[in-house]
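Geometric and topological summary
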There are 2 protein chains.
Amino acid sequence: MGGDAAPEVVIEGLAVFCAERQAVDFLLHGDQARLDPLLEKHPEVVARCNVHHSDIFVRMEDKPAQALRKARGSSMWNAVQCVKSGQAHAAVSAGNTGALMAISIMSLRKMPSVHRPGMTALWPTMKGTSVVLDVGANLEADATQLVTFAIMGEAYARAVTGRAHPTVGLLNIGTEDSKGHGHLREAAQMLARDELGLSYYGFVEGDDISAGTVDVVVTDGFSGNVALKTAEGTARLVGSYLKEAFSGDTISKAGAVLASTGLKRLREKMNPSSVNGGVLLGLNGVVVKSHGGTDATGYATAVQLAANLAKSSYKDEVAAGLSRIAELSSQPVEEAK
Amino acid sequence: MGGDAAPEVVIEGLAVFCAERQAVDFLLHGDQARLDPLLEKHPEVVARCNVHHSDIFVRMEDKPAQALRKARGSSMWNAVQCVKSGQAHAAVSAGNTGALMAISIMSLRKMPSVHRPGMTALWPTMKGTSVVLDVGANLEADATQLVTFAIMGEAYARAVTGRAHPTVGLLNIGTEDSKGHGHLREAAQMLARDELGLSYYGFVEGDDISAGTVDVVVTDGFSGNVALKTAEGTARLVGSYLKEAFSGDTISKAGAVLASTGLKRLREKMNPSSVNGGVLLGLNGVVVKSHGGTDATGYATAVQLAANLAKSSYKDEVAAGLSRIAELSSQPVEEAK
């Protein structure tokens, strides 16, 4: 449930998903009276769906603390509880991000040796799709937290992009070893150690994200959130330039008509719904946050992400990776690579 | 001098500048033997130009410390010295950024009560052009440094964008008062005080930069550099999508030909040379850093920026603003707005 256009977009999204994919069933949490008329139009969704009625809702404008107070019994709360109890393999919500994080952390708890969960974003690049984390779950991250993000992000990238050995980079403002905050340099030394088993690339800069220089870009939540929103704003600006370019004179307009196939492809590539879905990594359970303003295709993408992640071995891989950090910390650093 | 295509692009840039603007003369620092043949083609530049010969150069790959050791007598050094001595009103270089900053700080010194100079970027937005600082001169900034950046950035925006009362925002990962690092909230309280005389807007997020929500976006050098390079990378990615969109089928290609006027306008808007030129604010003298890879138009833009800034009263305004911070700090905060 949830999101700016709920519950319509959720049902439409499930319909898109069901048309393309088999073998996933849904528990739908929300107001039965509102859901039933929407479901009537989509028998293919009804066939794979049980509705869990709830008439309590976390609103988009609720603060996490407010949301937590009234959360129990809300559709968001119930969805996360089903993951906790094992009734569901993953939860998807387009609702209030802060509330979803607070409820998920409280109910599912952090994995052993994860101090801070990290929020991921999928990022379209010159080479395909990369993972960026943390994009805003935490303001800061020390060296060990950055290494934790790297391990979780690498396992996540393997689960959702299908690459066997995703490469990992640390976001910095220069690529030389001497650049950046002390904790970044410390994290870089840890990430380079063979014992962690990562394909660590080194420092990357802001323009490397869209270039696709690495598969996983690791950073603190402040910088990650600034990067993500700056990229969204830039894409929107270029989009407005583009619109203007094709609405000037009649000949330009005619060109736009002729080039409509190309422009459609461009719009598809720039459509954020193709990369919709953020995951709070480091919890005992899969919870996917869909963008609140997404469309049906975007919602289907988020559901797909949840299904891929739930089926993958990413939790075991993360657990194994985290135990290697613990070993690292107990050994002296012999040699910085 | 300096930059990836020096000295050719510098001379071409001056030619572009001279064709459009009067009343600026140039001291050209570099190797006379290399400059003379280039100048021969541009009598309009020669008429407004004195060459100061130097055959020592700071290379693009020199570290600031290396550069400083051999700097004395280099073309970059000489250009900055001319600003110091008053022979020039401003210096422009497309050379090594770190070296230019180190030489400028050492030679020109910081203005009274500036602890850290801040590097600016001009940013194309939905509404025109905004100023973002710091984009990488410092890794961190405490509350007072952020307020200093705000005062310098506001005076700078007035000088270069012509807006009488530029609005100022603080970059954060949410817009509520409670969001972000403690030093951001502290800076926000100071910026809101009437005594500073700023049009303070409040917190802004990454997507507000390109939206043009405020005229001046204030942040620390790490986040500012991440934002700037992420935006460059995103624009490059969208550019590659665009190229692909128009090179698919024959009809799309024909459309691109018809729409060439619109596409040309789009390319002009996306061309970074229209916003070329970063300034290290807070020094006793104007030094403009042109992008190393810029073209002649971009170099002319940077020269224009230097001329505008040298003619403006921005230094006096900054001095007055900084003295107001000092007063603020000596008064108790009566009320947070």
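Not measured: the values here are computed from a predicted model.

**Notes on the overall build of chain A**
Within chain A, the secondary structure is distributed over 14 helices and 10 strands. Rg of the C-alpha trace for chain A: 21 Å, near the compact-globule value of 20 Å for 337 residues, within the 12% margin. Residue pairs in contact within chain A that sit at least 24 positions apart in sequence constitute 71% of those at least 6 positions apart.

**Some remarks on the relation of the copies chain A and chain B**
Mapping between the two chain copies consists of a rotation about an axis together with a translation along that axis. Between chain A and chain B, the superposition needs a rotation of 180° and an axial shift of 0.0 Å, giving an RMSD of 0.0 Å. These values place the two chain copies in the arrangement generated by a two-fold rotation axis. When each C-alpha of chain A is compared by its distance to the rotation axis, G255 of chain A comes out closest, at 2.0 Å.

**Quick notes on the sheet that holds strand β3 (residues 90-93) of chain A**
Residue and element names in this part refer to chain A. The strand order across the open sheet formed by 8 strands is β3-β10-β9-β4-β5-β8-β6-β7, and the pairing between neighbours is mixed. Each edge of the open sheet carries a strand with a single partner, namely β3 and β7 (199-204). With direction set aside, neighbouring strand axes in the sheet form an average angle of 25°. Bridge count for strand β6 (residues 167-171) against strand β8 (residues 216-218) is 3 bridges, and the pairing is parallel. Looking at the pairing, L170 lines up with V218 of β8. Packed onto the sheet, helix α6 (residues 97-108) meets β3, β9 (278-281) and β10 (286-289) and runs at close to 175° relative to β10. Contacting β3, β9 and β10, helix α13 (residues 296-311) crosses the sheet at an angle of about 160° to β3.

**Section: the environment of L108 of chain B**
All names here are of chain B. With respect to the helices and strands, L108 occurs in helix α6 (residues 97-108). Measuring from C-alpha to C-alpha, the distance between L108 and K84 comes to 5.9 Å, with 24 residues separating the pair along the chain. With residues near it in sequence (within four places) discarded, L108 still touches V80, V83, K84, L283, N284 and G285.

**Quick word on the sheet that holds strand β5 (residues 128-133) of chain B**
All names here are of chain B. Overall, mixed pairing links the 8 strands, which are arranged β3-β10-β9-β4-β5-β8-β6-β7 in an open sheet. Both edges of this open sheet fall to β3 (90-93) and β7 (199-204), since each of them pairs with a single strand only. The average undirected angle you get between the axes of adjacent strands in this sheet is 25°. Examined bridge by bridge, β5 and strand β8 (residues 216-218) share 3 bridges and lie parallel to one another. Note on β8: the bridge partner recorded for L133 is V218. Sheet contacts for α6: β3, β9 (278-281) and β10 (286-289); angle to β10, the most-contacted strand, approximately 175°. The sheet strands contacting helix α10 (residues 221-245) are β4 (118-125), β5 and β6 (167-171), and the helix crosses β5 at an angle near 145°.

**A word on the environment of A306 of chain B**
All names here are of chain B. Secondary-structure assignment places A306 in helix α13 (residues 296-311). Look at A306 and you get buried, because 24 C-beta atoms sit within 10 Å. Separated by 275 residues in sequence, A306 and D31 have C-alpha atoms that sit 23 Å apart.

**Remarks on the interface of chain A and chain B**
A common measure of how large an interface is: the accessible area buried when the components associate. Between chain A and chain B, the residue contacts involve 54 residues of the former and 53 residues of the latter. At the level of secondary structure, the elements contributing two or more residues to the side of chain A that touches chain B comprise β4 (118-125), α9 (206-211), α10 (221-245), α11 (250-258) and α12 (260-270) of chain A. Examining the composition of the side of chain A that touches chain B, we find that 21 residues originate from one element, α10 of chain A, more than from any other. Classifying every residue of the side of chain A that touches chain B gives 27 nonpolar, 18 polar and 9 charged.

**Re the pairing of β3 of chain A**
All names here are of chain A. The alternating pattern of β3 places A90 and V92 and A91 and S93 on opposite faces, both of which are buried. Direction of pairing for β3 relative to β10: parallel, over a ladder of 4 bridges. Paired with A90 across the bridge in β10 is V286.

**Comments concerning the domain arrangement of chain A**
Residues and elements named next belong to chain A. Here chain A is partitioned into domain 1 (1-108) and domain 2 (112-337). Between the C-alpha centres of domain 1 and domain 2 the distance comes to 25 Å. Listed by partner, the interface residues are 27 residues for domain 1 and 27 residues for domain 2. Split by residue class, the side of domain 1 that touches domain 2 holds 17 nonpolar, 6 polar and 4 charged.

**Let's talk about unusual backbone geometry**
All names here are of chain A. The peptide bond linking L133 to D134 adopts the cis configuration, its omega dihedral lying at 0°. The topology assignment puts D134 in the loop between β5 (128-133) and α7 (143-161). In this structure, R109 takes a positive phi of about 65° despite not being glycine. Along the chain, R109 falls in the loop between α6 and β4. R109 sits in the partly exposed class, given 13 other C-beta atoms within 10 Å.

Rules of the game
Residues numbered from 1 in each chain as written. Chains lettered and ligands numbered in written order. Predicted model: local features only at pLDDT ≥ 70, side-chain atom pairs only at ≥ 80, totals over all residues. Helix = DSSP H or I, 4+ residues; strand = E, 2+ residues; numbered from the N terminus. Rg over C-alpha atoms; globule rule 2.2 N^0.38 Å. Contact = placed C-beta atoms within 7 Å. Least-squares fit on C-alpha atoms with pLDDT ≥ 70 in both. Pairing = 2+ DSSP bridges. Axes fitted to C-alpha atoms, helices over the stretch in contact; angles between N-to-C directions. Buried ≥ 20, exposed ≤ 12 C-beta atoms within 10 Å, placed from the backbone. Nonpolar A, V, L, I, M, F, W, Y, C, P; charged D, E, K, R; others polar. Domains from an automatic or database assignment.

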